[in-house]
Structures are given as C-alpha cells and as structure tokens.
Amino acid sequence: MTAPKAKDKPASFQDLILRLQAYWGGQGCAILQPYDMEVGAGTLHPATVLRALGPTEWRAAYVQPSRRPADARYGENPMRLGHYYQFQVILKPNPPDLQDLYLNSLYEIGIDPTVHDIRFVEDDWENPTVGAWGLGWEVWCDGMEVSQYTYFQQVGGLDVFPVSGELTYGLERLAMYVFGVDNVYDLPFNAPDSAVPLSYGDVFLENEKQQSAFNFEHSDVEMLLRWFSDCESQSNLLREKGQPLPAYDYALKASHTFNLIDARGAISPTERQAYIGRVRDLARGAAELWAQQEAERAA
Amino acid sequence: MADLLLELFCEEIPARMQAKAEADLKKAVLDGFKAGGLSGELKIASMSGPRRLAVAVEGLPVRSADVVEERKGPKVGAPEKAVEGFMRGAGLSDISEAEVRSDPKKGDFYVATRSIPGRDAPEIIAELVPEIVRGFHWPKSMRTGTGELRWVRPLQRILCVFDGKVVPFEIDGLASGDLTEGHRVHGRGPFKVTGLDDYVSQLGGEGHVLLTREDRRNKIEAGAKAVCETAGLELVEDKGLLEEVTGLAEWPVVILGDMDPAYLSLPPEVIQLSMRTHQKYFSVRDPKTGNLAPHFVVVANIEPADGGKAVAAGNRKVLSARLDDGVFFWENDKKTGLEAMAPKLEAIKFKDELGSIADKVERVAALARELAPKVGADRDIAERAARLCKADLVSEMVYEFPELQGVMGRYYALEAGEDTSVADAIRDHYKPQGPSDAVPNEPVAIAVALADKLDTLVGFWAIDEKPTGSKDPFALRRAALGVVRIVLENEVRLPLDQALRDPFFWMFAPRGSRLIEGFPPGPWKKQSEPAKRLFFEAVRRTTSDLLSFFADRLKQYLRDQGQRHDLIDAVFALGEDDLVLITKRVEALGVFLETEDGASLMAGYKRAANILKAEEKKDGAAFDGVVDESLLDAKAEKALFKAITTATNDAEAALKAEDFAAAMSALAGLRGPVDAFFDGPDSVMVNAEDAKVRANRLNLLNMMRRAIGTVADFSKIEG
C-alpha cells in the first residue's frame, strides 16, 4: 500500500452519497435504488440478505432509508431520527482486498487518514430476525462509529458460501462528521451555493415531526394488529406456493408493522418475544426457500 | 544452526484475543519442532498486535537427526506364522534382512532395524506451519471469500523465512513468502524481510510498528503519564484498559483531550464508565482535589499531521454525545426519584417460581429487619435500605449501564436525602462480587447484604435449582461464599440453621405455596395442621441440605486460609452452625495440636478410643454407663476419674465462655493421669477378670472420650 491521499470534502450530503455510489460502482457493484418497502435496516433489502445466500456471485451498493419508529424524537434530538439513511455495500465473494477498498472509500469522501484516527474495533454483527450473523468490526473515526463491516457467516440460519463482505455506512452520522456539524438538521443536503440551497432540516424536519406523532400517538393499534396477522398469513401462503421473494416482502411488512405496534408500547414483554419469534419464522422461512431455489438454479 | 521467522499477517484481530493467540502459536511451534526432531538450545521470541502474530526461533538445526528404530521379533525357529507376521509388520521381504541377537535366557531371536534418515528443517517447517494454522483455536473464527480456512479475520500474508530463505508452502491458496507490511498510514510496504533482526529494524523503524505488547504497553503508559504531567494532571491507572488499548494500535500515540467541565456534575462512575467501555479512554484526576478532571486520554494509532487537534476534537464530540445521554438519564432519574422507582420492580421477574424483584424486596426487607439487631444495625434503617436496594434497576442509567447497579442507587438515595448508611447499603449490598472484592462492613449494609443473599439461596434451594458440577448459572456458590465471608470478616454471630429457616417463612408462610406439596396457597392462619407439618418438614429438609452446602463453602474458605482439612472435619462433626465459633475452634485446635500437651492428649485419646472400639466390637455393646466410683480400685484409675471430672467441668465452663484455648488446655490436664493409667508404675489392666470392673474401666475410658469430644471429634484428626 502506498501512502493514501484523501480527496477534498464533498460539497453536500448528496455529494457524499454520489461519491460513494461512483466509487462502489467503479468496483463493479450494481448501483441499486432503495427497496420500496419500510425496513429497519439496510441489510434487510433483499439485495443483501437474500443475495448473500446461494452460490451466485453478486456485487451491489445502494442507499436504503431505515425506519425505526421507536427512535423518532419529533425532530427535537440533534442525532436521533425515526427515518434515516444507510449506505449499503455487498460483495460476494468478498475480494481479498476489501479492507483496502473500504478505506479508500473513506478517503474518497474526504477523510484524511494522516489527520484522523481510523480504527477497526471488534464487533460481531447479528440479526436474529433473519437468522444472520457475521464477524467484523465497527469502524471508528476519531472515536466515532462510522461504519459496520461484516463478513457474513450465516443468513437465514444457514452457513453461507461463498462468504459476502457487507459494509454499512450510517450516512447522516458520517456526514455530520465530515461537515463538522453538530445537529443533523443543519447538514447541507445540496451544495450551499445551489440556486435553492436546502438543509437536511428543510427536507426532513416536518416529516420527522409528523411521523413521530403518528408513531407514538395516532397509529391505530387494532388495525396494525390485524395487519400483522394478515401479513403473516400472506407470507406463509406465498412460501407454500414456492414464491420466496414476495413471501419475504410480507415478512418485511410484518416486521415493520410489529415495530409500529411496539413503538406504542402496546405489547407486554412476554408477548413481545412471541411477536419477534413470529417475524423471525417468516423471514427465515423465506430465506431458506430462496437459498434452496438458488442452489437448484445454479446446479 | 539457523533461524526461523514466521509472521501471520491478517486483518484486525480483536484486542482481547491477541495475547492468548501469541502464546498458543509459540507453544504450537515449539511442540511441533520437538515432535519433528528439530531440537537443541532454541531461543524463541514471540510478538502479537492488531494485525500480526509472529514467532522467531534461533538456533534451529538445519536438519533433524537420523533415527534408528528397532523392532523385536520372535525366537529363531518360531512357527512360520509368527515369523511371517513379524516380517509383514516390519516391512521385510526376507527373514535374512533381520538381525539375529542372542539373549542368555531367551536364546536367539530376530530384530528388525530400520534407519529413518533425518529431514531438512524447511521440509519439516513447511508441513508444520500449515498444520498449526489449520488447527489453530480462536474463540470465534470465520471463513472468507471462497476459502475453506477458518481464521479470526481474513489472513492476508504468511511470512516464513528460514536461514534467510523462504520456506515454500501454501495454505488455502495463500503462498508463503518473505514480504510483510508496515503501519497502514505511516509504514510502507509490502517489503522484503531476511530474518528477525531485519524484521524488527524495518518494522520498528520506517514501518512504524511496535512489535511487542510490552513495548506498546510501555509507550502508552509512559506517554499517558507524560501528557498528564505536562498539564498538571494525574492519570487514573487502569490495567485492564491498558491491556486492551495495547491491542488496538500498532503505533500507539497518546493524546490528551478535554471535555466541557459541566459534565463533571455527573457521578464520576458514569463518566469513567462512558469513557472506558464505549470509547476506551483513560480518565484523568486533578492531583490537588483527587476528583476527576475535565480531560481524557485517548490512544490513537497515528502520529497526526496536525499534532492531534482533529483527533482530540473528534473524540471530544463523541464523548460529549455520550455524556449528554448520561446527563439526560441522570436528570430524568433524579426527577423520578428512587422511592417512585421501587414499585416498578413488580414488572421485573426475579425467577418464575419466586416472583418479581418487588416480591424479593419485600422478603429481603423483612429479613433485614430480623437480622439487624444481630449485626448492630437499627431495624427501621435496615428495612428502609432493603426496600430501596433494588430500585435503581429500573432507572434509565442502570438500564444503559448495568454495571452501575447499586452505585446509582446510592446517588439517588443521597439526592433524596436518605440516611448515608441507607445509601451506602444500597451500593454495598451486592458485595462481595468475587474473591478479591471487599465485604460490606457497615451494620446496615451487612444486614441487607446477608438478607439478599440468604433469600436468593433459600429461594433457589426451595425450587430445587442448585448448582451442579461446574454449572452454577445463578452464582449461588458465590452468594454462599459471600455470606461466609461477611459473617467471618465481621464476626457476625449468626446461627445458620435458624438464619436459613427465616427466609422460608417470609417466602412462603404468609401466603402458602404450590412449591411445597400439601401446603396450598393461602394465609398461614387458614392452613390445616397437617399442612403446617408438611411445611415444617419441607423447611427442615431443605435447610439441612443447604447447611451442608454452606459447610463446603466454609471448608473451602478455611482451606484457602491455610487450615488443615481434617481439623475442619473434626470441628464440623460437632454439628455447630455458628460460623464464627467453628472457625475459632478450628484455629484453637490447630494451635493446640502443635503443642506437646496436644500431641500427647491426642495419643491418649487414640489409645482409649482403640481399646473401646475393640471391646465394643467384642461385646457388641457400647460402654456408655455411668462410672461406679465404688468399683474404682487402683490409684491410677481413681486419679484419672478425678482428673476427668475436673477437666470436664473446667472445659465446659471455658466452652461456655467461648474460650476454646482454655477448654483445650483444661483437657490437656488429662495427659499425666492418662499416661499413668496406661503406662505408670501401677498401670491399670483394662480387661480385668471381673466383668463388672472391666465394664467400669471401659465406662471410664468412654467418659474421657466424651470429655475430649466436647472440643472436637478427635477421631477425624489425621496423624
């Protein structure tokens, strides 16, 4: 490795995203668009969780909005959001120089390693809902976690082979760091010298307020409980019909519906475990069926 | 002779795994050389860090020695089958290839010799290293890409140089070589290495890698002290953290950061825990006041081009966000107040069959009240402390930092204006948390700590969830040992039998329990007499089992203190359940047996006991009758009788006063009369012809055995 050289800072939040997309596109990743469903984490996009299964090679990168109803704060907390973005990269199999590729992506968005202290600190990722786990690190920049870096070992409770390397960038947090901003709503969404300069707050503050009110006050719990059962039945039916992709979609719908119910504190701790178990069964079931079909298609 | 250098270069190894991996690799290499016949005066060095494990061996032979292997065969002229079998086993095509040797006893027999030529060291190394790597044990390991190898994180390079040359081999598609890399930012690479000295000088120089844990640890420790001293501050030392950060940087650079002094209004434990667990910072003290200073020490892995400004600023920001959370929890918790938290414990389960934490608190409060006078505490204060002792479990701060249970409760109690002894008891009732942790020593804390532990132990015994073998998921051994230590180190006089019965009554008596067969739920007054009897029976059974569990913990404790296990058994046999008295007795007994009086009393006891045992067996009866003074005839037996009577009275008085040394020395007065009885000029023949006289003399010996038995069961003492 030669002494790395960092680029200039991006001009805006969107510029940071564009640079990451251009960079990973240059590494042969398909630049996908966000999945059109509410998910709690970028990993849950089928482009990661399902594509990590089976023998077929795959490279993709995409922005994914994450919805976490219980984390919403009416736009009053400078760092916590109920809706935020993750940038997700998956390379299957992981190339031997993935760590260098990742570090270069940080230099690409203006983080200078001769001034900033970048560290890989043990953190083994797991997501019981989809029966997935892997080994890796959280990546620190001057003590702040800027990414999660994982080598998947299991998905859907199944050993994966080949192994995928997965990177998750917390975009708002990373941008706050790069731009030296203390309040997420102050981030420049587009360049400050644009014809219509927009901050993150201009784009999302009202949304955070109204969605928070929905999450905590106005959601119809009775209806959500019905929806949950309907999603569950639909997902089970689709699995029986041999259609893991839509079955997985309905598992995601059930999962988000559960998160909404949970944000209302409408579920007792024991019931909570039972709901989580039901979502897990749906997601895992779909993942297993998909893995089986992938293996058959590759054979 | 030649030298080997092996380096396994990989992506960041978790800090906690490095030291063990280094030791394991070193051992595996040495064991492998021994098994492979590469022996000699070897000098071995090992190194480990975030990205590498390395071993260097100096003084290896370049080739293993030739070995001659012998295999003994059958006698010359043995049946053909035996000869054939021998030839097959030794790989001979004709029996003439075997040597014939003579033995004066056995005669002539065959011997097959096979000489195994030595092998070149590189050949042995090329086999050994892949075997070690493939079989290496990591606490957690993974596969990468399309590889089969399991390693802690992807293995990137294998450097293996022997005698200046690469030892060629391949592991999972990765070929060995003579290249390594330096520090990610400051080093260059990959570059070629010829041997250990070259490796150390290139990496330590331009490579910017401190190879040994010791060098990095020293650099961090000295650096941290230096930056603090320059700023007029004092480092708060933390060995565990030091070890961890030693594994997090290849080129550690210490930077002093600062934070908003307003955060110092938080309890210091909160600040330190935030710094340590989340951010791996050392905390810093003001040497004048001894309080935390608004600074922290961070160990970076670069020599920053701007002198560390950006690193300090970035870390300051992260710490501020963490401490903001801390302030948020702290203020919310204070607003709620400890008193209001306590009822929420109803929602937290202690154990299915034993109810919620709130239920437990009720019982602990009643028990603490009961125990208070025994430890010199006020009943009301002890009960108050017990009622609040678990309340902080529902605080936001403890939800975030479970390690702060008790500590936060103490702060919230002080905030609420509770008595200091109540506040301290809330913090200290969890103690001792391990063998090196101190025990509580204030009366209120002692009462609550004992009540909490006794309730837990009795509860788990009552539902039959006892530790088995190495499994003790609820740390019941630690709880019992905690009780033993609290009692002994504070000299608490607490007859255990009763102390173990009390929790039962608080647990079950007020409302019955399905856990006790025949003792249905319902208030005590409504229970039938047979149900009450079943309850008492259950209590008795469980208590006696739990008592023996305590006895084992006490034995373990006393053994660790250096007491003889047979003396412990000798005292335990008395059925005493006051731990303080048991310990005093064991100590006095140990001292006494070391004296001449002790030794000869022991001898006298043994003699009497042996005769009694033999005669009791012969007659099939015990000699436990009263000694008939009128039948005492010889001078020696009269003297012994008198001596026993006196010694018994004196010993009894001394025991009553708990003066065990005096009791034992009273019994030591028997020494002269016993010796005279058995061996004096007018010694007594125990087995007299007259049956009545014989029985009376045996009764006399039994009287003595019983007298001595009041201080300890001497039959359990060895030697």
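Here, residues in each chain are numbered from 1, in the same order as that chain's written sequence. Written order determines the labels here, with chains lettered from A and ligands numbered from 1. For a predicted model such as this one, the threshold for reporting local features is a pLDDT of at least 70, and the threshold for listing and counting side-chain atom pairs is 80 or more; totals across whole chains, interfaces and linings nevertheless cover every residue. With hydrogens and water excluded, all non-hydrogen atoms of the structure serve as input to the side-chain values.

**Some details on the overall build of chain A**
Regarding its fold elements, chain A presents eight helices and nine strands. Between the two quantities, the radius of gyration covers C-alpha atoms and the globule rule is 2.2 Å times the number of residues to the power 0.38. For a compact globule of 299 residues, the expected C-alpha radius of gyration is about 19 Å, and chain A comes in at 20 Å, within 12% of that figure. C-alpha atoms of chain A, sized along the principal axes, occupy 55 × 50 × 35 Å. When the 299 residues of chain A are sorted by exposure, 56% land in the buried category. Secondary structure elements follow DSSP: runs of H or I no shorter than four residues count as helices, runs of E no shorter than two count as strands, and numbering proceeds from the N terminus. Under the scheme applied here, a residue whose accessible area is under 20% of the maximum for its type counts as buried, over 50% as exposed, and between as partly exposed, the area being computed with a 1.4 Å probe on protein chains only.

**Some thoughts on helix 11 (residues 379-388) of chain B**
Residue and element names in this part refer to chain B. Every buried residue of helix 11 is accounted for by Ala382, Glu383, Ala385, Ala386 and Leu388. On the buried face of helix 11, the contacting elements are helix 9 (338-341), helix 10 (357-375), helix 14 (420-428) and helix 15 (443-462). In the analysis that follows, any N or O atom pair within 3.5 Å is treated as a polar contact, provided that within protein one partner can donate a hydrogen and the other can accept it, and provided that, for residues neighboring in sequence, both atoms belong to side chains. Measuring from the backbone nitrogen of Asp380 back to the side-chain oxygen at the start of helix 11 gives 2.9 Å, which picks out Asp378 as the cap. Contacts were defined at the residue level, with two residues in contact if any of their heavy atoms lie within 4.5 Å.

**Some remarks on the interface of chain B and chain A**
With 43 residues of chain B at the interface, the matching set in chain A holds 37 residues. For this analysis, a salt bridge means a side-chain nitrogen from Lys or Arg found within 4 Å of a carboxyl oxygen belonging to Asp or Glu. Taken together, the connections running from chain B to chain A amount to four salt bridges. Lys140 of chain B is paired through a salt bridge with Asp124 of chain A; the nearest N and O atoms lie 2.9 Å apart. Between chain B and chain A we count 20 residue pairs in polar contact (both at pLDDT 80 or more) in total. Mapped by element, the contributors of at least two residues to the side of chain B that touches chain A are helix 1 (15-35), helix 7 (268-279), strand 16 (292-300) and helix 8 (309-336) of chain B.

**Examining the environment of His186 of chain B**
Residues and elements named next belong to chain B. Within the fold, His186 resides in the loop between strand 11 (179-180) and strand 12 (191-192). In this structure the C-alpha to C-alpha distance between His186 and Val209, which are 23 residues apart in sequence, comes to 9.0 Å. Those residues in contact with His186 that lie beyond four places of it in its chain are Glu206, His208, Trp251, Ile302 and Glu303. Polar side-chain contacts of His186 include one of 2.8 Å to the backbone nitrogen of Glu303.

**Quick look at the packing of aromatic side chains**
All names here are of chain A. Only rings of Phe, Tyr and Trp enter the pairing, Trp through its six-membered ring, and a pair is recorded when the two centres are within 6.5 Å. The plane angle decides the type: under 30 degrees is stacked, over 60 is edge-to-face, the rest tilted. Across all of its chains, the model carries 36 aromatic pairs over all chains by this definition. A centroid spacing of 5.8 Å and a plane angle of 70° characterise the contact between Phe87 and Tyr169, whose relative ring orientation is edge-to-face. In this pair, Phe87 is assigned in strand 3 (residues 83-92) and Tyr169 in strand 9 (residues 165-170), connecting sequence segments 82 residues apart. Take Phe87 and Tyr169: they sit in the same class, and that class is buried.

**Points about the sheet that holds strand 4 (residues 67-75) of chain B**
Residues and elements named next belong to chain B. If you trace the three strands from one edge of the open sheet to the other, you get 4-6-5, paired in antiparallel fashion. This sheet does not close on itself; its edge strands, each paired only once, are strand 4 and strand 5 (99-103). The average angle at which neighbouring strand axes cross in this sheet is 35°, direction not considered. Here five bridges tie strand 5 to strand 6 (residues 107-116), and the two strands are oriented antiparallel to one another. A strand pair is defined by DSSP finding two or more bridges across the two strands. Axis lines are fitted to C-alpha atoms, over the contacting stretch for helices. Their N-to-C directions set the angle, which ranges from 0 to 180 degrees.

**Describing the confidence of the model for chain B**
Considering every residue of chain B, the mean pLDDT works out to 91; 99% of them sit at 70 or more. Overall fold confidence (pTM) sits at 0.79, and the ipTM for the predicted complex is 0.93. Note: pLDDT gives the predictor's confidence per residue, expressed from 0 to 100.

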